[in-house]
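Structure assessment
If you want the building blocks of each chain, they are given just below.
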Amino acid sequence: MALVEILSLCMYVEKKPEAQAKEGEVRLAGSKTSSEGRVEIYHDGTWGTVCDDGWDLAEAQVVCRQLRFLGAKSAVNGGTYGEGSGPIWLDEVNCNGTESDLSTCVFKDWAVTDCTHKEDAGVVCKSSDTDMNISDTGYMLDHSLALSEELGQVFDSGDGCDFQIVVQSTTGNKQLDGTLETVQTTICAHKMILSRFPLFNTSEENTISVHVSLSCQPYFTSFIRYIYTRKADVTFSSAQCLHQMASKFGVKQLMEDTGRLFSKFLPQDVTFHTPVSLYEYSVETGDFLLKENCLQYMAWNYQNLTQSPAWSHLSVKLLGALLSRSDLVVSDEYFLLVSLEEWISQRGNLISLESQADLLKLIRFPMIPAEKLYELQFNSTLYNAHQDVYGSNILKAFQFNVLLFSTLKNNPVFKKDEDDYQARIYTATPWAATIDRSAVNPYRHLRQKSFSTPVHNSLIFKTNVIQWEANIFMSQSDCSNRGVRCESFPTARLTAQNSLRQYQSSIRFSNQLLLRCQGKYICQVQDFKNDLSHISTNGSQGLPYPCPDGQYDYQFVVIPNYI
C-alpha cells in the first residue's frame, strides 16, 4: 500500500482529538451502543467510575438527561459493561432524579469508597430511535490491526518521510573548547502523523531538535514508532524514559500505561531506590497517580523501607508525606517514633530543628501504647532538644488514655477528626492475626484463627475484650457451612464473637486485610464489607503490586476509632 493511501486512510480511521472534558461531565463506556454503558465521571483532570452501591433508576435518570437522552430505561449493576480503570470517584450516590448533573447528587466524597471496579455502575438510556421502535442494527468493520502494522513498516522504511527529528544528549565529557560533548542521532518521520502532538508543530520548519538524557536516547526511536503503531515493548530499563517522553510530548495513553507498569517494578527492588527515585520523578513531573503509587507502596512496606539502603537518604518531604498517611503499616506507633528518631539522629545537623519538630508532630502520640509514653522522657534521643513537642503531645496522649470519650469530646482541645486520634494499620499483638500460606491446605482448621483485642486503643478499655474469628474460605462449601454467601474465592471473613452493640454509638471498626506476598512485601490492603473481604488475585481485578504464583500470607488487622 502506498504511503499516500495509508496516510489518507489515517485521516478516516484516527479520531480527532477530543475536546477537554469539563469538571463533573459524564460519559458511557464499555458498550457498542451510545445509549448504554458503564458510567464514568470527570473530576480533577481524570475520568473515573461510579460504584453501584445504592444505584437505581433515580441516579440513572440524572445521568441519561445529563447526556441529552430522553431519560433512563434502567439502572445496571456493576460488571455488565466490564471493569473500568482509574479512580472510583463516587460511592453511595443518592439522587432525587431531578438534578441536572450527577455530581450535584449526595455522595460520600470524591474517591471515598470501599468498592472495586467489579461494582462499576451502568445505565441504559432512552433514545429517540428506541421510543419510535426503529431498529437500526450496526456492524463493526475493524481493520485497525493491519493499519498499525502497515504504519510500522512505513516508519521502519522511512519512505516519504518529510520531518527530521534531531535527538541530542550530552555525555558530561568536556571537549577542547570547554563545551560538553554531545551525542546525536537523527530520525526521519512523517509530519502528518506527528501533527496531533503540539510540540512537534512548534515551527513551520521540517526539522526539530529534541534534548533527552543519554540513558534515554536509545529508546526515542521506540517512542516515535509507538505514535505510528500504538505498540511498544517496555522493560524496566525503558519504562521511565518512555514515561518521561510521553509526558513531555503529550502522548497521554502511553504515559498512563507506562505509569501503571511501575507497580510491577516496585517490589522487585529490595533496596527501595526505585520507589524513592520514581517518587522524586513524579514530584518533578507533577504526575499525581505515579506519586500516589510510590507513596502507597512505601507506606504499606514502611518497616522494610526502614531497613533498606535508601532509608537514610530519604528527603524530609518524602518522609513527611509517609508520616501523614493513615494507611501506614507498622507494628505500632512507638516503632514509628523510634524509626523517626533514628533517622533524624543519622542525618545530624543536615536537618534543621524546625524540620525535625515538623516531622515529630506527625507522630500520633495518643496511639503509642500507654506503657511506652512514660518512658519517652528517659529513652528518647530527641526529648531534650524538643521538650515542647514531646511534652504537649505526651499530655494529649495521657488524656486520651484516661478520659472517657464522653468527657474527652467536651474538651475544646480534643478534635475527634484530628489524625492524632486515628489509628493506623498496626500489626503488633494484640491488634493483628495471621493465617499463613498453608491456608490453601485442604485441612479446614488451618484456615481459621481466633484472637482477642481490647475494644479500643485507649487504656480505659484495656479489660473490655472482644473475641474475633478470622477465616479464609476457599470454596462455596466453606461459605455455606458458615451460612455465608461468597462471590469469589478466596474470601476472607473477620467476625466479632461477642456483641458490639453497646459500643456502636462511640466506636467504629475499620478492619483491614493485608496480603503479604511470599512473606516479603505487602501487595494489597483491603477493607471488609459486612465482615467479608473478597480477595484480589493476579488474574482477577488485579493486585496493586503483583505477587508471583499468588503465594500470600493473610493478615487480619483490627482498627477501632472513636466516631
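Note on numbering: residues in each chain are counted from 1, in written sequence order. At least 70 in pLDDT is required for a residue's local features to be given in this predicted model, at least 80 for side-chain atom pairs to be given and counted, and no such filter applies to totals for whole chains, interfaces and linings, which use all residues. Water and hydrogen atoms were dropped before computing side-chain values, which therefore reflect all heavy atoms in the structure.

The protein is annotated in an unreviewed UniProt entry as SRCR domain-containing protein from Myripristis murdjan. Looking at the Subcellular location (unreviewed entry) heading of the UniProt record, one finds this comment for the protein: "Secreted, Extracellular space, Extracellular matrix". UniProt positions are given in the numbering used here, feature names are shortened, and annotations may be inferred rather than shown by experiment.

Below, the discussion takes up the overall build of the protein. In terms of helices and strands, the protein carries 19 helices and 21 strands. Projecting the C-alpha coordinates of the protein onto the three principal axes gives extents of approximately 80 × 80 × 50 Å. Remark: exposure states derive from per-residue accessible area (1.4 Å probe, protein chains only) relative to the maximum for the residue type, with buried under 20%, exposed over 50%, and partly exposed in between. With 563 residues in all, the protein has 46% of them scored as buried. Considering only residue pairs separated by 6 or more positions, the protein has 68% of its internal contacts joining residues 24 or more positions apart. Computed with the Shrake-Rupley method and a 1.4 Å probe, the accessible areas treat only the protein chains shown as cover for residues. Within the structure as shown, the protein displays about 28600 Å² of accessible surface, and the carbon and sulfur contribution to it stands at 50%. Counting rule applied: Lys, Arg positive; Asp, Glu negative; His and chain ends not counted. Each charge is placed at NZ for Lys, CZ for Arg, CG for Asp and CD for Glu. Here the protein holds 47 positive side-chain charges and 64 negative ones, and the gap between their average locations is 4 Å. The helix count covers DSSP runs of H or I at least four residues long, the strand count covers runs of E at least two residues long, and both are numbered beginning at the N terminus. Here, residues are in contact when the closest pair of their heavy atoms is within 4.5 Å.

Every buried residue of helix H2 (residues 57-66) is listed here: Glu59, Ala60, Val62, Val63, Cys64 and Gln66. In this structure, the buried residues of H2 make contact with strand S1 (26-29), strand S2 (36-43), strand S4 (71-76) and strand S6 (122-126). Its side-chain oxygen 3.1 Å from the backbone nitrogen of Ala58, Asp56 forms the N-cap of H2. Backbone geometry just downstream of H2 places Arg68 in the positive-phi region, at approximately 70°. For the purposes of these results, a polar contact is taken to be a pair of N or O atoms within 3.5 Å, where, inside protein, one atom must be able to donate a hydrogen and its partner to accept one; residues adjacent in sequence count only when each atom of the pair is a side-chain atom.

Between 30 and 60 degrees the pair is tilted, below 30 it is stacked and above 60 it is edge-to-face, where a pair is any two Phe, Tyr or Trp rings, Trp via its six-membered ring, whose centres lie within 6.5 Å. Under the counting rule described, the total for this entry stands at 22 aromatic pairs. Between Phe365 and Tyr390, the ring centres sit 5.9 Å apart and the planes meet at 80°, which makes this aromatic pair edge-to-face. Taken together, the positions of Phe365 in the loop between helix H14 (353-360) and helix H15 (370-373) and Tyr390 in helix H17 (residues 387-402) put the pair 25 residues apart, joining distant regions of the chain. As far as burial versus exposure is concerned, Phe365 and Tyr390 are alike and both buried. Through a chain of ring-to-ring contacts, the aromatic side chains of Phe272, Tyr297, Trp300, Tyr521 and Tyr545 assemble into a single cluster.

In this section: the state of the cysteines. Cysteine sulfur pairs qualify as disulfides if the two atoms are within 2.5 Å. Overall, the coordinates contain 7 disulfides when judged by the stated rule. Between Cys64 and Cys125 runs a disulfide, and the two sulfur atoms are separated by 2.0 Å. Sign of the S-S torsion, about -85° for the bond between Cys64 and Cys125, identifies this disulfide as left-handed. On the criterion of sequence distance, the pair formed by Cys64 in helix H2 and Cys125 in strand S6 is long-range, its members being 61 residues apart. Residues Cys64 and Cys125 agree in their burial class; the two are buried. Between Cys479 and Cys486 runs a disulfide, and the two sulfur atoms are separated by 1.9 Å. On the sign convention where negative means left-handed, the S-S torsion of about -100° between Cys479 and Cys486 marks this disulfide as left-handed. On the accessibility criterion, Cys486 (7% relative accessible area) is buried.

All right, on to the sheet that holds strand S13 (residues 448-454) then. Note on pairing: DSSP must find at least two bridges between two strands before they are called paired. The sheet built from 4 strands is open, its strands ordered S13-S14-S15-S19 with antiparallel pairing. A single partner strand is all that each edge strand has here, and the edge strands are S13 and strand S19 (532-534). When strand polarity is set aside, the average angle formed by the axes of neighbouring strands in this sheet is 20°. In the sheet, S13 pairs with strand S14 (residues 465-473) via 7 bridges, with the strands oriented antiparallel. Counterpart to Phe451 in the pairing with S14 is Trp468. Every axis corresponds to a line fitted to the C-alpha atoms, with the helix fit spanning only the stretch in contact, and the corresponding angles, defined between N-to-C directions, vary from 0 to 180 degrees.

A few words now on the pattern of salt bridges. Put simply, a salt bridge is a Lys or Arg side-chain nitrogen that is within 4 Å of an Asp or Glu carboxyl oxygen. One pass over the full model with this rule turns up 18 salt bridges. Here Arg27 makes a salt bridge to Glu40, at a shortest N to O gap of 2.8 Å. Taken together, the residues Arg27 in strand S1 and Glu40 in strand S2 connect sequence positions 13 residues apart. Overall, Arg27 belongs to the partly exposed group, its relative accessible area being 29%. According to the relative accessible area criterion, Glu40 is buried, its value standing at 6%. Between Asp257 and Arg260 there is a salt bridge whose closest N-O contact spans 2.5 Å.

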